[in-house]
Amino acid sequence: MKLLTHNFLSSHVKGVGPRGFPLRLQASEVRIMPVEFNPDFVARMIPKVEWAALVEAANTLSLGEVPTEPIQGYEQNEDFLRTMHHILLEVEVMEGTLQCPESGRVFPITRGIPNMLLSDEQTEA
Amino acid sequence: MERSIFELWGHGKSPEELYSSLKNYPVEKMVPFLHSGSTYKIKIHTFNKTLTQEEKVKRIDALEFLPFEGKVNLKNPQHIFSVLEDYGLDPNCIPENPHNIYFGRWIADGQRELIESYSVKKRHFIGNTSMDAGLSFIMANHGKVKENDIVFDPFVGTGGLLVASAHFGAYVCGTDIDYNTVHGLGKASRKNQKWRGPDENIRANLRQYGLEKYYLDVLVSDASKPSWRKGTYFDAIITDPPYGIRESTRRTGSQKETPKGIEKCPESHVPVSLSYHLSDMFFDLLNFAAETLILGGRLVYWLPVYTPEYTEDMVPWHPCLKLISNCEQKLSSHTSRRLITMEKVKKFENRDQYSHLLSGQCLPYQGHNSFRERYFSGLTKRIAKEEKSVQE
């Protein structure tokens, strides 16, 4: 699971609503998968990112210096875009868990794939 | 459906208009294909009219003003340019002059070449319902998929639709309720093969075509219970939902339901067998699309219909989505599926607001809940008849 995806995921446990974001990340196996740098795509993603959640996840994975917010004129700033490219697209959690911050329900990540299934009673009406 | 793809260099309603349009096309864009080391030829295509060889040559000569510096090679040129003349659609009324003339550089015989190289036969990872390669490209086309888009498939299966979108430069992600399929485990769909090998998963399919860089993520998830935070992320949602025939229509259910068949889902003991009414599924899909698509984004999906009962107002609708197209593909004598394309034209306000859409008046598709029964109706009637005669 990439951090870009993690940034969009939220718990859909019943009654939790917006408090289900962000999912608390815990990783037992992480790998770095190089991906061709595409500045246009990264620049497009920047406005969609919930920054605090991203910083928190990146810190959990000890990714080092993470910009605390998008810098001014980021669209032209290659260094910034390359850093964000790495954080959002090249770091993959292979084994770990995502935990709903409100209900505590845990969603496992296996072979890089999160499993978000819940039974009927547990999900939002 | 296009047969060929051209890079358009000029267009006009008359030859003069075409030539001035060509003179306005940036020279730097032409030069790579016209330089002295290259070879080329020019073809004339006319739609709804036949020209003599002399007429064709005249048209080619008229293009002399273009900076062609390469050598003409009629057999095997590096670059092919085409003049396309449109004489309308009525073979009984062919105009003297064309309605439109286009000049462009030929890129590919669109469907055929793509279909060949992306053929499901050659693909590493397939399932029982893997989309025919040609159709997956049509769907990506309908979704206006382009570079740097994010495309999502909520019923991703083996990822065929993602491959097509990635081909157009979109970054792709998907979900599926079936753990085994998403992970690439379990029984193989290929004849003569028992179990799926380690290289058979969605990511491997993208890798096979050199498109791995476009892979974002796939998740095991129930499309009726999406786990995305509030917001608009997707430029296109392109999907082939289950019709309940070859792969069954499911969603997660309560603990009381006992699951049928093997569900190799070790860490999540969630029974997955509650039958999911088709109408609910399309309502969920449209609502999900309305919420997560960017404004102007597209939803492209297949809608199974029982042809004798089909009417246009059965196509599910949503106040935020505008119907762009609706094309039929026959499946059997009494069933077909329709390729529906919708575009988000209105901002999504809040989830509860649209629950009334599930009512019978708003969703005539309700009647199609028994699509599975109707699909098999010919077959089951025959079996019932045979059983009866055996008993007698």
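Fair warning: this is a prediction, and the values are worked out from it, not measured in the lab.

Visitor: Summarise the overall build of chain A; cite the residues concerned and give the values.
Guide: Across its full length, chain A holds four helices and four strands. Secondary structure elements of chain A occur, N-terminal to C-terminal, as α-β-α-α-α-β-β-β. Expressed as a percentage of the 125 residues in chain A, the buried residues total 53%. Long-range pairs, those at least 24 residues apart, make up 69% of the contacts in chain A between residues at least 6 apart in sequence. Surface summary for chain A: the accessible area is close to 5,600 Å², and the carbon and sulfur share equals 47%.

Visitor: Account for the environment of Ile80(B), naming residues and giving values.
Guide: Position of Ile80(B) among the secondary structure elements: in strand S4 (residues 79–86). Those residues in contact with Ile80(B) that sit more than four places away from it in its chain are Lys41(B), Lys43(B), Gly104(B), Arg105(B) and Trp106(B).

Visitor: Lay out the interface of chain B and chain A with the relevant residues and their values.
Guide: On the side of chain A, 38 residues touch chain B, which itself brings 39 residues to the contact. Both faces combined, the contact of chain B with chain A buries some 3,300 Å², and carbon together with sulfur accounts for 55% of it. Here chain B is connected to chain A by four salt bridges. Counting across the chain B and chain A interface gives 17 residue pairs in polar contact (both at pLDDT 80 or more). For the side of chain B that touches chain A, the elements supplying multiple residues, two or more each, are helix H7 (179–183) and strand S8 (215–220) of chain B.

Visitor: Tell me about the sheet that holds strand S2 (residues 39–47) of chain B, and name the residues and values.
Guide: Residues and elements named next belong to chain B. Taken together, five strands build an open sheet; the order of strands is S1-S5-S4-S2-S3 and the sheet is mixed. Across the chains shown, the open sheet's two edge strands, defined by having one partner strand only, are strand S1 (5–12) and strand S3 (71–72). Note: S4 against strand S5 (residues 100–108), six bridges, orientation antiparallel. Bridged to Glu 85 within S5 is Ile 101. Here helix H2 (residues 27–34) sits on the sheet and contacts S1, S4 and S5; the angle it forms with S1, its principal contact strand, is near 130°.

Visitor: Please set out the environment of Phe81(B) residue by residue, giving values where relevant.
Guide: Residues and elements named next belong to chain B. Summarising the element assignment, Phe 81 is placed in strand S4. Spatially, the C-alpha atom of Phe 81 lies 6.2 Å from that of Lys 43, the residues being 38 residues apart in sequence. Beyond its immediate stretch of four places on either side in the chain, Phe 81 contacts Trp 9, Phe 33, Leu 34, Tyr 40, Lys 41, Ile 42, Lys 43, Phe 68, Phe 103, Gly 104 and Arg 105.

Basis of the calculations
Residues numbered from 1 in each chain as written. Chains lettered and ligands numbered in written order. Predicted model: local features only at pLDDT ≥ 70, side-chain atom pairs only at ≥ 80, totals over all residues. Heavy atoms only, no water. Helix = DSSP H or I, 4+ residues; strand = E, 2+ residues; numbered from the N terminus. Buried < 20%, exposed > 50% of the residue type's maximum accessible area, 1.4 Å probe, protein only. Contact = heavy atoms within 4.5 Å. Areas by Shrake-Rupley, 256 points an atom, 1.4 Å probe, with all protein chains shown as cover. Buried area = accessible area lost by both parts, 1.4 Å probe. Salt bridge = Lys/Arg side-chain N within 4 Å of Asp/Glu carboxyl O. Polar contact = N/O pair within 3.5 Å; in protein donor to acceptor, adjacent residues only side chain to side chain. Pairing = 2+ DSSP bridges. Axes fitted to C-alpha atoms, helices over the stretch in contact; angles between N-to-C directions.

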